[in-house]
Amino acid sequence: MRVIVTTYWNVDQGEQSELAQDIAEAASLLRQGDTVAFPTETVYGLGADATNTEAVLQIFAAKGRPSDNPLIVHIADATQLSGLVQPDSLTAYHRALMKAFWPGPLTIVLPVRAGSLSPFVTAGLQTVGIRIPDHPVALQLLREAGLPIAAPSANSSGRPSPTLASHVRDDLDGKIGGIVDGGATGVGVESTVIQLVDGELYVLRPGGVTSEQLQAVLPDMRIHVAEPTEVEAADTPRAPGMKYTHYAPKGYMHIVQGDDELEVSAWIQRDIDAAKSRGESTGILTFEERVGGYRADLVVACGSLSQPETIARDLYAALRTFDHKGISYIVAEGVPDAGIGSAIMNRLLKAAGHERVLL
């Protein structure tokens, strides 16, 4: 596996030249039908030519991903849409969302143009999720490759998504063609996935663009947010992250959530103490404001409640920390389900297999 190290900050002309060569090498791998992990503003993605079925199947094989879980397609420019989606499928509402949030962490599900993509990208659906990432490395790679790139998160299926190149190596070393190391990602949770149906907007997966931000762009449109448990076992999910357990640490984890901070913290400490007495190695996922009030084998402060975007940014790295320390029993504090908190709770619930105590 080739590791391509690149940086887009404070580089001189010579380093810029090396950077261009690195991106060209990664793009060449993609054009040859290989897989390349690369940074986006959300998480690292595992990319392959979305038109090449053999390449796309390498994604599923490397991740151990179920074949009925569709992939998001990444493009460099909205002009590429005409070759991927059905003619006249873009409405004024779609264009308003693209103008507001592209490039950025918004995936829009659209009717797919027949024959334009590998059928494994859409998992047999008649739609495809597409976005333009807001990361200079990703955008230059997409332009250089000249291809639509299918790219789910670059982790083993079910594991916490990678926000560092080292997370990709932990999961996929020896299973993929290369990694473009662009440092830490920014948003920390995946893109929001939306679909417009009969004049109403459905949030299939909350993410880096909040429902409040969507409503501000389309103030007169009704917005529905799908619950994490809505997809039945026999159904093909309309978007990634809707059906299967995702983002999970190796140890058992559940969530405790309530309005009374003291009640929540007391419940968590009693639960942790009981687990410790049973011989479990114990961990607590909390926030900077509360980290000093707990006793466990490992207490992880995952961002600040006063800045919930920092919780989203640090979430997956925090979950991986419990694995690195061999923690077998984890209690996570929930967050208010508003703004980016909706995406955070979506990921926590998936990671905990929907095990939650409401106080």
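Residues numbered from 1 in each chain as written. Predicted model: local features only at pLDDT ≥ 70, side-chain atom pairs only at ≥ 80, totals over all residues. Heavy atoms only, no water.

### Things to note about the packing of aromatic side chains
Evaluation of the coordinates by the stated rule reveals 2 aromatic pairs. Geometrically, the ring pair formed by Tyr247 and Tyr316 is stacked, given 5.4 Å between the ring centres and 25 degrees between the ring planes. Of the two residues, Tyr247 is situated in the loop between strand S11 (223–225) and strand S12 (252–257) and Tyr316 in helix H9 (residues 308–324); the sequence distance between them amounts to 69 residues. Residue classification places Tyr316 among the buried positions, given a relative accessible area of 0%. The interplanar angle of 35 degrees and the centroid separation of 5.4 Å between the aromatic rings of Tyr252 and Tyr329 together place this pair among those described as tilted. Within this pair, whereas Tyr252 is found in strand S12, its partner Tyr329 is found in strand S15 (residues 329–333), the two being separated by 77 residues in sequence. For Tyr329, a relative accessible area of 8% puts it in the buried group. (Phe/Tyr/Trp six-rings, centres within 6.5 Å; stacked < 30°, edge-to-face > 60°. Helix = DSSP H or I, 4+ residues; strand = E, 2+ residues; numbered from the N terminus. Buried < 20%, exposed > 50% of the residue type's maximum accessible area, 1.4 Å probe, protein only.)

### A closer look at the sheet that holds strand S16 (residues 356–358)
A sheet is described by the order of its strands in space; here 5 strands give the open sequence S14-S13-S15-S12-S16, paired in parallel fashion. If you trace the sheet from one side to the other, it starts and ends with strand S14 (298–301) and S16, each paired once. Going from strand to strand, the sheet's axes swing by 20 degrees on average, the running direction of each strand aside. Across the sheet, helix H8 (residues 261–277) lies against S12, strand S13 (282–286), S15 and S16, angled at about 175 degrees from S15, the strand it touches most. (Pairing = 2+ DSSP bridges. Axes fitted to C-alpha atoms, helices over the stretch in contact; angles between N-to-C directions. Contact = heavy atoms within 4.5 Å.)

### Here we look at the layout of surface pockets
Estimates place the volume of the largest pocket at around 300 Å³. Along the walls of the largest pocket sit 22 residues, with Pro206, Val225, Asp337, Ser342 and Met345 positioned nearest its centre. Elements that contribute at least two residues to the lining of the largest pocket include exactly helix H7 (211–217) and helix H10 (341–351). With 5 residues, the single largest contributor to the lining of the largest pocket is H10. (1 Å grid on protein atoms, 1.4 Å probe; cavity = no way out; pocket = protein on both sides within 12 Å on 5 of 7 lines; lining within 4 Å. Points joined across faces, edges and corners; volume = space filled by probe spheres on them.)

### With respect to helix H5 (residues 136–145)
Turning to H5, its buried residues are Val137, Ala138, Leu139, Leu141, Leu142 and Ala145. Among the residues trailing H5, Gly146 stands out with phi positive, at a value near 70 degrees.

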